[in-house]
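# Overview (structure and organization)
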Amino acid sequence: MTAPPEPLITRTDVEDRLGETLADPEVTQVESLITYASSKLRSRRYLAIDARMLDGTLDRDLVKGTVVTAVARALDVIRTGLRVRSSQYPENTEQYVDADPRLIYYTDDELAELDPDVGETNAGAFTIRVF
């Protein structure tokens, strides 16, 4: 059995983006989010993230920036509150929504930047990817 691959980013990468040093319990939360975000991106097999970074056809900094963005986005949701949509003061009014089950996600634009096939033309009207 092989060990799981290392996460694609570190907590320091997230701290650098945020411009702050994280303290407990956020350190634990961010490390968990990093592991999840790395696995979630690697699960998109058509992107072949690790192989393409290794052979130099995918820029490591682009991958790092994409994963940091997803983690920072999730951390922002955690800081605001998983179900809080907005808060108003001084009236102290809060509006709640159902929690989005995708705490970590990548937008279509973010995935397109990592996709080796973006920009290539094909003869069909559309392409269906099997995940």
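That block above? That's the structure.
Let me sum up the structure you'll find in this document. Every value quoted in this text rests on a predicted model; they were computed, and no experiment measured them.

Moving on, we get to the nonpolar core. Leu 41, Ile 49, Val 63, Val 67 and Val 71 are the most contacted members of the largest nonpolar core, which totals 25 residues. Every element with two or more residues in this core is listed here: helix H2 (26–42), helix H3 (49–54), helix H4 (60–80) and helix H5 (108–114). Every residue in contact with Val 63, bar those within four places of it in the chain, is listed here: Leu 8, Leu 41, Ile 49, Met 53, Leu 58 and Leu 114.

If you walk through the whole model with that rule in mind, you get zero aromatic pairs. Above the plane of the ring of Tyr 105 lies Arg 73, whose end atom (NZ or CZ) is 4.4 Å from the centre.

Now for the pattern of salt bridges. Close approach of charged atoms allows side chains with opposite charge to pair. Throughout the structure, instances matching the rule amount to seven salt bridges. One salt bridge in this structure joins Glu 31 and Arg 11, with 2.9 Å as the shortest N-O distance. Of this pair, Glu 31 sits in helix H2 while Arg 11 is found in helix H1 (residues 11–18), placing the two residues 20 residues apart along the sequence. For Arg 11, a relative accessible area of 29% gives the class partly exposed. Of the charged contacts, one joins Asp 50 and Arg 42 as a salt bridge, the two residues approaching to 2.7 Å between their closest N and O atoms. For Asp 50, a relative accessible area of 33% translates into the label partly exposed. A single network of salt bridges, built from pairs that share partners, joins Arg 11, Glu 15 and Glu 31.

This part covers unusual backbone geometry. Each neighbour pair has its own omega, and for Asp 24 with Pro 25 the value is 5 degrees, a cis peptide bond. The topology assignment puts Pro 25 in the loop between H1 and H2. With a phi close to 45 degrees, Ala 48 is a non-glycine residue in the positive phi region. Here Ala 48 is to be found in the loop between H2 and H3.

Conventions we followed
- Residues numbered from 1 in each chain as written.
- Predicted model: local features only at pLDDT ≥ 70, side-chain atom pairs only at ≥ 80, totals over all residues.
- Heavy atoms only, no water.
- Core = buried A, V, L, I, M, F, W, Y, C linked by side-chain atoms within 4.5 Å.
- Buried < 20%, exposed > 50% of the residue type's maximum accessible area, 1.4 Å probe, protein only.
- Helix = DSSP H or I, 4+ residues; strand = E, 2+ residues; numbered from the N terminus.
- Contact = heavy atoms within 4.5 Å.
- Phe/Tyr/Trp six-rings, centres within 6.5 Å; stacked < 30°, edge-to-face > 60°.
- Lys NZ or Arg CZ within 6 Å of the ring centre and 35° of its normal.
- Salt bridge = Lys/Arg side-chain N within 4 Å of Asp/Glu carboxyl O.

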